[in-house]
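# A closer look at the structure
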Amino acid sequence: MDKKKVEMYRKRLLEKQEELLRLLSKTDHDGREADDEGTQDIADKAANAYTKEFLFHQSDDHRRMLQLVNEALERTRNGSYGLCVACNQEVQVKRLDAVPWARHCIECQEKQDQGLL
Ligand SMILES: [Zn+2]
C-alpha cells in the first residue's frame, strides 16, 4: 500500500485510539461514582449493580477494539498494514475505509465469523 494512504489510515487509527482511551477513562470514573453513591436501598443497589455490569461490558468492548487499533497501528509501522493477517492478500480498500483496524480481508472475515478460521 502506498505510504500516503497508510499515513491517512494511521491518522484515523490514532484518532480512534484517543477516543477509546477517553471512553475507557470515563467508564472507570463512572464505575467509581456508582460505588461512591453510598445507596442503602435494595432497589438502588440492584440498579447500581446493573450500571456497573453495563459499564463493565461496554469497557470490555472498548478494550478489545483498542487492542485491534493498537495492532493496526503496529502494522502501519512494520509495513504490513492493509494485508490480511490470515492470507496475506490486500484487504479491500472499502473495508479499510469502513474499519481501518480490520485484520482480515472480507473472505477471511467471513470464514472467521463462521468459525472456520
Ligand atoms: Zn484473507
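It should be emphasised that the depicted structure is a prediction, and the values quoted were computed from it without experimental measurement. (Residues numbered from 1 in each chain as written. Predicted model: local features only at pLDDT ≥ 70, side-chain atom pairs only at ≥ 80, totals over all residues. Heavy atoms only, no water.)

### Regarding the overall build of the chain
Helix and strand content of the chain: four helices and zero strands. Written out in order from the N terminus, the α and β elements of the chain read α-α-α-α. Rg of the C-alpha trace for the chain: 19 Å, well past the compact-globule value of 13 Å for 117 residues, more than 25% over. For the chain, the proportion of its 117 residues judged to be buried stands at 27%. (Helix = DSSP H or I, 4+ residues; strand = E, 2+ residues; numbered from the N terminus. Rg over C-alpha atoms; globule rule 2.2 N^0.38 Å. Buried < 20%, exposed > 50% of the residue type's maximum accessible area, 1.4 Å probe, protein only.)

### Regarding the coordination of the zinc ion
Each donor-metal-donor angle would ideally measure 109.5 degrees in four-coordinate tetrahedral geometry, or 90 or 180 degrees in six-coordinate octahedral geometry. At 2.3 Å from the zinc ion lie its protein donor atoms, namely Cys84 (SG), Cys87 (SG), Cys105 (SG) and Cys108 (SG). With four donor atoms in place around the zinc ion and angles of 105 to 115° between them, the coordination shape is tetrahedral. Of note, the zinc ion draws all its donor residues from one chain, in the sequence arrangement C-x2-C-x17-C-x2-C. With Cys87 in the loop between helix H2 (42-78) and helix H3 (93-98) and Cys108 in helix H4 (residues 106-113), this residue pair connects regions lying 21 residues apart in the sequence. (Donors = N, O, S within 2.8 Å, 3.2 Å for Na, K, Ca; no water. Tetrahedral: all angles 85-135°; square planar, octahedral: opposite > 155°, others 65-115°.)

### A short note on the confidence of the model for the chain
Of all residues in the chain, 97% have pLDDT values of 70 or greater, and the mean over the chain is 91. Averaged pLDDT values over the elements of the chain bottom out at 90 in H2 and peak at 95 in H3. (pLDDT = per-residue confidence, 0-100.)

### Description of the domain arrangement of the chain
Taken domain by domain, the chain consists of domain 1 (1-80) and domain 2 (82-117). Centre-to-centre separation of domain 1 and domain 2, based on C-alpha positions: 22 Å. Contact with domain 1, which involves 14 residues of that partner, is made by eleven residues of domain 2. Sorting the residues of domain 1 by area buried against domain 2 places Tyr9, Arg12 and Arg75 first, and these three jointly supply 40% of that buried surface. (Domains from an automatic or database assignment. Contact = heavy atoms within 4.5 Å. Buried area = accessible area lost by both parts, 1.4 Å probe.)

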